[in-house]
Amino acid sequence: MTGREMDRQLPAEAAAVAAADLATADLPKPQVIEQREPDSFRMQMPQGNPLLLSHTLQELLARDSVQVELIPEKKGLFLKHVEYEVSSQRFESSVYRRYNDFVVFHEILLQKFPYRMVPALPPKRMLGADREFIETRRRALKRFINLVARHPPFSEDVVLKLFLSFSGSDVQNKLKESVQCVGDEFMICKLATRAKDFLPADIQAQFAASRELIRNIYNSFYKLRDRAERIASRAIDNAADLLIFGKELSALGSDTTPLPSWATMNNSTWGTLKQALKGLSVEFALLADKAAQQGKQEENDVVEKLNLFLDLLQSYKDLCERHEKGVLHKHQRALHKYSMMKKQMMSATVQNREPESVEQLESRIVEQENAIQIMELRNYFSLYCLHQETQLIHVYLPLTSHILGAFVNSQIQGHKEMSKVWNELKPKLSCLFVGPNNLPTPPRSPQEGNLFSH
C-alpha cells in the first residue's frame, strides 16, 4: 500500500485505535465531554524543523517554581492521611493535594504522553511511616512536580493547570474528565503521521548511542549524589559533636565538687580553669550551628539538585524501556501475527476452502495491515519524541555547573564562617595556660613545638 493510501485511511483507523486505547484504560470513565485540542500542541512546535528544541536551561527553570509542603496541622509521627500544600509561582495558586492525587495525575500523564519522560513517583507510604520517610517523600514529590511543570509539552497542558490550580473537592475526577475522549499525544499532534519525515536516517544508531551515554551519566551522577549525601551528613554529625564537646567543657567548668586544700596547696589554677571552661560552650554552640547550616544547605542546594537530575535521567531510561517493550514490541508482534495470517490464507487457497471463510480471512488480513500501519506510525512518532526528550536531557546538562557552584560556595562560606568563630574563640583560651606565678601565657602554636614532645 502506498503512503498516500495509508494517509487516507489513517483518520478512521486512528479513531478506532483511540477508541480501543480508551476502552482499555485503567482509569474510570466519567461523562463524555466535548473533544478539544489542547494549546500544548499548537505551541510545542517551534518554527523551522519541529524536531529541534530551542529551549535553554534558564528558560525551563523559569517556567515555574512549585513548592510542596506538609500541611502543619497534619504533621505527626504516625499519620492517617498526609496532605501537602502545593504552591505554583506561575499560576499564583495554592492547593491541597494527597499522595493519591499525585498518583492519578501521574497515570494521566502516562496515558496522554506515553512517549515522553514522565518522572516516577516516590513509593506509597508503608504502615507506620515515620517523619524521615514522609520528609523524603515530600522532597521527591516536589522534584516530580517541578520536572513536570518545566517540561515543554506538559507545561502547556490542561491537566497540569488543573492539578496546580483546581481547588475543588474532587480533583481526581476533574483530571479524568479533562482527558476523556481526547486520546494520547499521537492522536492529537498534527505532525504525528509525518514524524518519519523529520527523523535522521540513522535514528536507530543515534538512539542506541544516546541511551548508552545517558546510562553512563546516570551511573556517575548516582555516585556523586551518594558522596554528596555523605559530605552533608558528616557536616551535620560534626555539628552534633561540636555541641556535645562544648556542653562537656561547660559541665566540667560548672563542677561543684569540693576541692581539698591538700591537693591545691593554695594554688587557684583549677578555679581559673573552671571559670574559663564554663564560658566556652557559647562558641562551640555557635560552631555547631554553623556546621549544621552548612550540612542543611548542601542537602538542599547540592543533594536535592543531584536527585532532581537523577530523577530526570531515570525517566529517560524508563522511556527507552517503554519504547522497546511497548510500541516496538507491539509492532513486532503485529508483524508476526500478519505473517501467520498470510500463511493461513495461502493454505486456505490451496485447499479450496469455502468462499465465506476465505473472505473472512482476507478481511482480517486487511484489518491487520491497517493495524500494522498505525503501529509503524506510532513507532516513528515514539522515536520522534525520544529524539526531543534526548535533546531535553542535554538542555538540563548545564545543571552540573549549578550543582558544583553550590557545593563550592557552601564549602567556602561554611569554612569562612567557622574560621571566624574559631579565631574569636582563641583569645579566650589564654587563661587556660597558666605559667609561673599564676600568670596566664598564650597557647603555643604548632610551629613552636608539641606540648608533649619533651
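Up top is the structure these notes are about.
Residues numbered from 1 in each chain as written. Predicted model: local features only at pLDDT ≥ 70, side-chain atom pairs only at ≥ 80, totals over all residues. Heavy atoms only, no water.

A. Structural detail: the sheet that holds strand β3 (residues 93–98). On the basis of which strands lie adjacent, the open sheet formed by three strands has the order β1-β2-β3 and antiparallel pairing. The sheet terminates laterally at β1 (66–70) and β3, the two strands that pair on one side only. Strand-to-strand twist in this sheet, taken as the mean axis angle between neighbours without regard to direction, amounts to 25°. In terms of strand pairing, strand β2 (residues 83–88) meets β3 through six bridges, oriented antiparallel. Residue pairing in the sheet places Tyr-84 in a bridge with Arg-97 of β3. Contacts from helix α4 (residues 99–112) reach β2 and β3 within the one sheet, and its direction differs from that of β3 by about 95°. Strand contacts of helix α7 (residues 158–165): β1, β2 and β3, with the helix running at about 90° to β3, the strand carrying the most contacts. (Pairing = 2+ DSSP bridges. Helix = DSSP H or I, 4+ residues; strand = E, 2+ residues; numbered from the N terminus. Axes fitted to C-alpha atoms, helices over the stretch in contact; angles between N-to-C directions. Contact = heavy atoms within 4.5 Å.)

B. Region of the structure containing the pairing of β3. Where burial is concerned, the two faces of β3 differ: the one with Ser-93, Val-95 and Arg-97 is buried and the one with Ser-94, Tyr-96 and Arg-98 is not. Remark: four residues form the turn of the hairpin made by β2 and β3, two consecutive strands paired antiparallel; Glu-92 in that turn has positive phi of roughly 50°. (Buried < 20%, exposed > 50% of the residue type's maximum accessible area, 1.4 Å probe, protein only.)

C. A look at the pattern of salt bridges. Counted by the stated rule, this structure contains 21 salt bridges. Between Arg-138 and Glu-69 there is a salt bridge, with its nearest N and O atoms 3.7 Å apart. Taken together, the residues Arg-138 in helix α5 (residues 131–150) and Glu-69 in strand β1 connect sequence positions 69 residues apart. Taking relative accessible area as the criterion, Arg-138 reaches 10% and is therefore assigned buried. Relative accessible area serves as the criterion here: at 37%, Glu-69 is assigned to the partly exposed category. In this structure, Glu-229 engages Arg-225 in a salt bridge whose closest nitrogen and oxygen atoms are separated by 3.9 Å. One end of the pair, Glu-229, and the other, Arg-225, are both in helix α11 (residues 203–253), four residues apart, so they sit about a helical turn from each other. With relative accessibility at 36%, the residue Glu-229 sits in the partly exposed group. Take Arg-225: its relative accessible area is 12%, and that puts it in the buried class. Beyond isolated ion pairs, a larger network of salt bridges with shared partners links Glu-69, Glu-135, Arg-138, Arg-139, Arg-143, Glu-304 and Asp-311. (Salt bridge = Lys/Arg side-chain N within 4 Å of Asp/Glu carboxyl O.)

D. Just α7, in detail. If you check which residues of α7 are buried, you get Val-159, Leu-160, Leu-162, Phe-163 and Leu-164. The backbone nitrogen of Val-159 lies 3.1 Å from a side-chain oxygen of the residue at the head of α7, namely Asp-157. (Polar contact = N/O pair within 3.5 Å; in protein donor to acceptor, adjacent residues only side chain to side chain.)

E. Molecular detail of the nonpolar core. Among the nonpolar cores identified, the biggest contains 45 residues, and Phe-309, Phe-381, Tyr-384 and Tyr-396 are the most heavily contacted of them. Domain assignment of the residues forming this core places at least three in each of domain 1 (57–187) and domain 2 (233–256 + 271–431). Other than its neighbours up to four places away in sequence, Phe-309 contacts Ile-217, Phe-221, Ile-393, Tyr-396, Leu-397 and Leu-399. With 33 residues, the next largest nonpolar core counts Val-66, Val-68, Val-104 and Phe-113 among its residues. (Core = buried A, V, L, I, M, F, W, Y, C linked by side-chain atoms within 4.5 Å. Domains from an automatic or database assignment.)

F. Summary view of the packing of α4 against α7. For the pair α4 and α7, the least separation of the axes is 11 Å and the interaxial angle reads 175°. In terms of orientation, α4 and α7 fall into the roughly antiparallel class. From α4, Asp-101, Phe-102, Phe-105, Ile-108, Leu-109 and Lys-112 reach across to α7, where they touch Val-158, Val-159, Leu-160 and Phe-163. Among the residues making up the contact of α4 with α7, the classes are represented as eight nonpolar, no polar and two charged. (Parallel < 35°, antiparallel > 145°, perpendicular 65-115°, else oblique. Nonpolar A, V, L, I, M, F, W, Y, C, P; charged D, E, K, R; others polar.)

G. Seen up close, unusual backbone geometry. Here Glu-92, not a glycine, exhibits a phi torsion of approximately 50°, which is positive. Of the residues examined, Glu-92 reaches a relative accessible area of 74% and is grouped as exposed. At Cys-181, a residue that is not glycine, the phi angle is positive and equals roughly 65°. Relative to the helices and strands, Cys-181 is located in the loop between α8 (171–179) and α9 (185–188).

H. Inspection of a nonpolar patch on the surface at higher detail. Together, Leu-252, Leu-259 and Trp-270 make up an exposed nonpolar region whose accessible area comes to about 260 Å². On the secondary structure map, Leu-252 appears in helix α11. (Patch = residues over 30% accessible without salt bridge, like charges linked within 9 Å, V, L, I, M, F, W, Y side chains within 5 Å. Areas by Shrake-Rupley, 256 points an atom, 1.4 Å probe, with all protein chains shown as cover.)

I. Inspection of the side chain of Gln-391 at higher detail. Following the sequence through the fold, Gln-391 ends up in helix α16 (residues 355–396). The residues contacting Gln-391, other than those within four sequence positions of it, are Leu-51, Leu-52 and Leu-53.

J. Local environment of the packing of α11 against helix α17 (residues 399–425). At a minimum axis separation of 13 Å, α11 and α17 run at an interaxial angle of 15°. With respect to α17, the element α11 is oriented roughly parallel. For the crossing formed where α11 meets α17, the hand is left-handed. For the pair α11 and α17, contact is made by Phe-221, Ile-231, Asn-238 and Leu-242 and by Thr-400, Ile-403, Phe-407, Gln-411, Met-418 and Trp-422, respectively. Among the residues making up the contact of α11 with α17, the classes are represented as seven nonpolar, three polar and no charged. (Left-handed = near helix turned anticlockwise from the far one by under 90°.)

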